[in-house]
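Breakdown of the fold
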Amino acid sequence: MVAFVFKGISQSTPADSTEMYAYIDSVLAEARGPIKRTDFFNLLTTFNSYMALQGVNGTGLISGGDTASMLTPYISRNDTASMLNSYRRKNDFVIATDYGMNPSADPETNHTALQNAINAATSSGIRVVFIPAGEYHVGSLNSASVDGELWTIQNQNGLTIRGAGKNLTRLIGDRDFTSSATATYFFAIRGSSNVVIEDMALISEFSRSFAMTAASPENSLDSNFHHGVWVVQTGDNDSITVRNCTFKNLYGIGIYVNSAVNRLRIENNDFVDLHRHVPVGAGEPQPTGVLINKADNFLVFGNRFENVVSHNNGLSHSIYLADGADGGIISNNHIVIDENFDPINNGSGGIKTGGGGVLNNNLTVISNYSKNVRHVLDDVTNVIWQANQEIDALTWIYGPNTKNITFKGNLYQLTSALTAYYGMVQSFETGVIFKNINFIENFVDGGNVGFPGSLVFGAYLGTLRNSIITGNIFKQVGAGIFTYRTTGTIDSSYIKNNNITSGSGSSYLIYTEGDFTNNVVIDNSFDLNEGASALIRANPDYSPSNSSNQIINNKGPIFGSLDIFDITSTDTSGFTKKAYLTEAD
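As the structure is a computational prediction, the values presented were derived from the model and not from experiment.

Things to note about the overall build of the protein
- Regarding its fold elements, the protein presents 6 helices and 53 strands.
- Within the protein, counting contacts between residues at least 6 apart in sequence, those at least 24 apart form 75% of the total.
- A total accessible area of about 22,100 Å² is found for the protein, and carbon and sulfur atoms account for 46% of it.

Overview of helix α5 (residues 107-124)
- Taking 1.5 Å per residue, 18 residues should reach 26 Å; α5 reaches 26 Å between its end C-alpha atoms and fits that length.
- Every buried residue of α5 is listed here: P107, N110, H111, A113, L114, Q115, A117, I118, A120 and A121.
- Those residues of α5 that are buried are in contact with β3 (94-95), β4 (128-130), β5 (134-138), β6 (149-154), β7 (160-162) and β9 (185-190).
- You can read the cap of α5 off the contacts: a side-chain oxygen lies 3.0 Å from the backbone nitrogen of E108, and it is on D106.
- Downstream of α5 by one or two residues, G125 has phi in the positive range, about 85°.

So, the pattern of salt bridges
- Across all of its chains, the model carries 10 salt bridges by this definition.
- In this structure, E267 engages R265 in a salt bridge whose closest nitrogen and oxygen atoms are separated by 2.8 Å.
- Given the relative accessible area of 37%, R265 is considered partly exposed.
- The salt bridge involving D491 is made with R465; its shortest N-O contact spans 2.9 Å. Residue D491 is found in strand β43 (residues 488-491), and its partner R465 is found in strand β39 (residues 455-465); the two are separated by 26 residues along the sequence.

Describing the pairing of strand β8 (residues 169-173)
- Of all 5 residues in β8, 4 are buried; the element is thus mostly enclosed.
- The pairing of β8 with strand β11 (residues 201-204) spans 4 bridges and is classified as parallel. By the bridge assignment for β11, G173 is matched with S204.

A short note on unusual backbone geometry
- In the Ramachandran plot, D392 falls in the positive-phi region, its phi being about 50° despite a non-glycine side chain.
- For D392, the position within the fold is in the loop between β33 (389-391) and β34 (394-398).
- Of the residues examined, D392 reaches a relative accessible area of 9% and is grouped as buried.
- Phi at N436 is positive, roughly 60°, even though this residue is not glycine.

Digging into the side chain of T353
- With respect to the helices and strands, the residue T353 is situated in strand β28 (residues 349-353).
- Under the relative-accessibility criterion, T353 is labelled buried at 0%.
- A distance of 2.8 Å separates a polar atom in the side chain of T353 from the backbone nitrogen of D378.
- Not counting chain neighbours up to four residues away, the residues in contact with T353 comprise Y320, L321, N360, L363, V376, L377, D378 and V380.

Brief notes about the pairing of strand β26 (residues 326-331)
- Note that strand β22 (residues 295-301) and β26 share 4 bridges and pair parallel. Across the sheet, D296 pairs through a bridge with D326, a residue of β26.
- Relative to strand β29 (residues 360-366), β26 runs parallel, the two sharing 5 bridges. Across the sheet, residue D326 finds its bridge partner in β29, namely N361.

Examining the confidence of the model for the protein
- Chain-level pLDDT for the protein is 76 on average; 68% of the residues reach the 70-or-more range.
- Contacts of residues 577-585 to residues separated by more than four positions or lying in other chains number 29 contacts, the stretch itself having pLDDT below 50.

Topic: the environment of S507
- For S507, the location among the structural elements is in the loop between β45 (499-501) and β46 (508-512).
- Placed 57 residues apart in sequence, S507 and G450 show a C-alpha to C-alpha distance of 7.1 Å.

Quick look at the side chain of N546
- With respect to the helices, strands and loops of the structure, N546 is situated in the loop between β50 (534-538) and β51 (549-552).
- A polar contact is formed between the side chain of N546 and the backbone oxygen of P544, at a distance of 3.4 Å.

Quick notes on the nonpolar core
- Grouped together as the largest cluster of nonpolar side chains are 109 residues, with contacts concentrated most on L171, F187, F407 and F439.
- Ranked by size, the runner-up nonpolar core spans 9 residues in total, among them W230, L291, Y320 and A322.

Rules used throughout
- Residues numbered from 1 in each chain as written.
- Predicted model: local features only at pLDDT ≥ 70, side-chain atom pairs only at ≥ 80, totals over all residues.
- Heavy atoms only, no water.
- Helix = DSSP H or I, 4+ residues; strand = E, 2+ residues; numbered from the N terminus.
- Contact = heavy atoms within 4.5 Å.
- Areas by Shrake-Rupley, 256 points an atom, 1.4 Å probe, with all protein chains shown as cover.
- Expected span 1.5 Å × (residues − 1).
- Buried < 20%, exposed > 50% of the residue type's maximum accessible area, 1.4 Å probe, protein only.
- Polar contact = N/O pair within 3.5 Å; in protein donor to acceptor, adjacent residues only side chain to side chain.
- Salt bridge = Lys/Arg side-chain N within 4 Å of Asp/Glu carboxyl O.
- Pairing = 2+ DSSP bridges.
- pLDDT = per-residue confidence, 0-100.
- Core = buried A, V, L, I, M, F, W, Y, C linked by side-chain atoms within 4.5 Å.

Structural data, given as structure tokens:
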């Protein structure tokens, strides 16, 4: 028996063509993209050997002529399209170029060709539409779709649209073949299940046609396509996957899920330069990488978000859970905005939840990397925010029903001072009581920017109640825990086993300008510079209420007259010291 081995998959000499087809099935499943020249040669050699053993010459597996004569024109090629054009297997996939799609074709032709390929796959029962490598300009000024999408996947079960790779198959939204009313989406999924879109780039050309201004034309530069993939609230959509794609230059949303979807997976995509140069008008989309509205059991994993930002007004979001998202995991994503965009003050660019009054529940945000962004947690409960790396990033907490959020094991780093007394993680809505917002075992490097440029965790607006703040390391920060002026309050919270070390400037474990009441501060340690630093400072300029707190067994060095407090004229009766400050061991 002769054994064939290709890409690590072995197969003994097939007894018949059915076995050979099964072997090729496994090969193609492993390949799913460009095939190397040597691998392609080996694959054709396998065909040749099989057909020679079976006495087959030029029939069955390879169309036209004998296998040996077909090797020469193909071994110098390395793209999947060449292999597919020489290998046609029944019920495998529909190839878009067979229906007129071509890199040299005009946008209308490519638009029609791909829809015809999708329709052919639908009618024939074939479940994969393949778009070979190449750059295809697409668009339509005469779109007959309901909402302006180029291609519609409707009432389908098990359909996959696949390119040759995220930067190999490139669909370019042509600026001359679109308008504000038509062709503003690439794909729309309606009432379908088990749909996969993968291995391609959806790119919009820039256009100045929407808001050109003579005074500053460079500021009115925008792309012409709103969205990449749109899951429409039409019928039931279930098990939708978008993976290994690039979304670039869209001025709206990369992936917009506006339907109750169960089992949504968004994996290993790149969202690059999704932005607006002109002011966002009423009803127009904010730049957003992924917007999920009403989805259960979703995964957003391994994606790269780079410069998803609004240049003018409004907030941008790399990941936005709008309303009713439940049971989701956001993991291993890379979220970065160029610091020149000033994302902290001019847009968020990070992860956002809620804002519509409908709760998002049971969210896990783990092992992500964020830089120069602002995250917004609004109308959300039961959140685990864990093992993330946050570089010059803020997290703001909103919403009257927001509660039960735990920040654990994260790394926070500052390279420059924050402004306006902002904290790295803080409540940010006046009059709201936020319960059980916990900050546990995090490491914070304040970058030695001093006070007040590096406040960490606290109440800027509203009240933090029943918080657990324990096991954190605060290095070179202005204040580890804070309340802001008369607008922020911390009460009934437990502050234990935290360590703070100061740099060249002032540092405080706890800094209060707003009220700080009914708290327990126990077993914390600190290594602070002599001078303005202290374990707790209550600023008398704002007369905070500091009542019924217990200060127990906190340890650190004593500098002359420096005590546990730096409270000056503020009454200290609200602090019960059950153990005085002692020298640290």
